[in-house]
Amino acid sequence: MSSVLYDAQGPRAKRRNILYTVLFLLAAAAVLWWVYDGLAEKNQLDWVKWEPFFTGTQAWETYIWPGFQNTIKAAFFALIIALPLGALFGIGRLSDHRWMRVPSGVVVEFFRAIPVLLLMVIANQAYSEYADLDPDTRVLYAVVTGLVLYNASVLAEIVRAGIASLPNGQTDAAKAIGMRKGQTMVHVLLPQAVTAMLPAIVSQLVVIVKDTALGGAVLSFPELLASVRPMSANYGSNTIACFTIIAVIYLALNFALTSLASWLEGRLRRGKKSTGTVVGAAPGGGLEIIEAPVTKTGGTDQT
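Please read all numbers here as calculations on a predicted model, not as lab measurements.

Draft legend 1. Just a nonpolar patch on the surface, in detail. A surface patch of nonpolar side chains, about 590 Å² in accessible area, is lined by Ile72, Phe76, Phe77, Ile80, Ile81, Leu85 and Leu88. Mapping Phe77 onto the fold places it in helix H3 (residues 58-93).

Structural data, given as structure tokens:
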């Protein structure tokens, strides 16, 4: 059986694919055994090195939980600041006015080209010389500033691409019924672009969460990954166990964010199928956007 994109395999191709699969599995098993043997030889798999994470709460309360809180705090502040800034600059790049479009493009391209780690270091040095902040607060501000500057520029491109991906007929139809540019953006373009942009925005949120580790590596910001060093020193050089637990926490956190985004995207798509938009005359003589409900009767939608 074959299709346009795929031709059915013959007997020789099937045997060859089975052989490649077996060889790959054997190679993967050999690599896993090599890793296991190396860890076991260095006593990294001994229960005494993993016991603190499963038989008590001291490691969680003293090291992991404070680091997790700092990671969430930095990511949260960076997101709530970067998202509106990114939307502002993304819309600015689509403006018909040159005085708005050009500066927005310069800001976005400039900060998007600079590594986020360099932005954190520059911000930390600037706060150290020109602001009277205690070290812990200064480091937090530096990490958030670097994340905001970089991710706002990336989010601006996401917003611009999401709006630009919509058919031109949407804007033409809005103009035909007399809607102004601001009304077109708020009531027509942005609501449709949000659903398309949501997966990319959540992917950037995952990047923000992971990039907080850069502050811990360079600026000694006490985030989740930075807790590995003191924790390993306190529990007998169980570095592998510490890194494994931290990696599992990152996986769980990012998986939760991705799952939430998938649920929210599906909900938004279902919501858009259940409502329609009608433009009517406002009491003052302008235009008014009216949400008209859609009901389903006999398998068809009726407004």
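Read on, since the account is not over.
Draft legend 2. The arrangement of the pattern of salt bridges in detail. Enumeration according to the criterion identifies 4 salt bridges in this entry. Note that Glu109 is salt-bridged to Arg93, the shortest N-O span being 3.1 Å. Within this pair, whereas Glu109 is found in helix H4 (residues 98-113), its partner Arg93 is found in helix H3, the two being separated by 16 residues in sequence. Overall, Glu109 belongs to the partly exposed group, its relative accessible area being 36%. For Arg93, a relative accessible area of 21% gives the class partly exposed. Between Arg93 and Glu157 there is a salt bridge; the shortest N-O distance is 2.6 Å. With Arg93 in helix H3 and Glu157 in helix H6 (residues 135-164), this pair connects stretches of sequence that are 64 residues apart. Of the residues examined, Glu157 reaches a relative accessible area of 14% and is grouped as buried. What you see here is one network of salt bridges that share partners, running through Arg93, Glu109, Arg112, Glu157 and Arg160.

Draft legend 3. Expanded view of the packing of aromatic side chains. Within the structure shown, the criterion is met by 7 aromatic pairs. Both rings, one in Trp33 and one in Tyr36, keep their centres 5.6 Å apart while their planes meet at 35°; by these two values the pair is tilted. Taken as a pair, Trp33 and Tyr36 lie in helix H1 (residues 11-41) at a separation of 3 residues, close to a single helical turn. Relative accessible area serves as the criterion here: at 56%, Trp33 is assigned to the exposed category. Using a relative accessible area of 44% as the deciding quantity, one classes Tyr36 as partly exposed.

Draft legend 4. Representation of the environment of Val148 within the structure. Position of Val148 among the secondary structure elements: in helix H6. Using a relative accessible area of 7% as the deciding quantity, one classes Val148 as buried. Residues Val148 and Ile208 lie 60 residues apart in sequence; the distance between their C-alpha atoms is 9.0 Å. Apart from residues no more than four positions distant in its own chain, Val148 is found in contact with Ala78, Ile81, Ala82 and Leu85.

Cut-off values and rules
- Residues numbered from 1 in each chain as written.
- Predicted model: local features only at pLDDT ≥ 70, side-chain atom pairs only at ≥ 80, totals over all residues.
- Heavy atoms only, no water.
- Patch = residues over 30% accessible without salt bridge, like charges linked within 9 Å, V, L, I, M, F, W, Y side chains within 5 Å.
- Areas by Shrake-Rupley, 256 points an atom, 1.4 Å probe, with all protein chains shown as cover.
- Salt bridge = Lys/Arg side-chain N within 4 Å of Asp/Glu carboxyl O.
- Helix = DSSP H or I, 4+ residues; strand = E, 2+ residues; numbered from the N terminus.
- Buried < 20%, exposed > 50% of the residue type's maximum accessible area, 1.4 Å probe, protein only.
- Phe/Tyr/Trp six-rings, centres within 6.5 Å; stacked < 30°, edge-to-face > 60°.
- Contact = heavy atoms within 4.5 Å.

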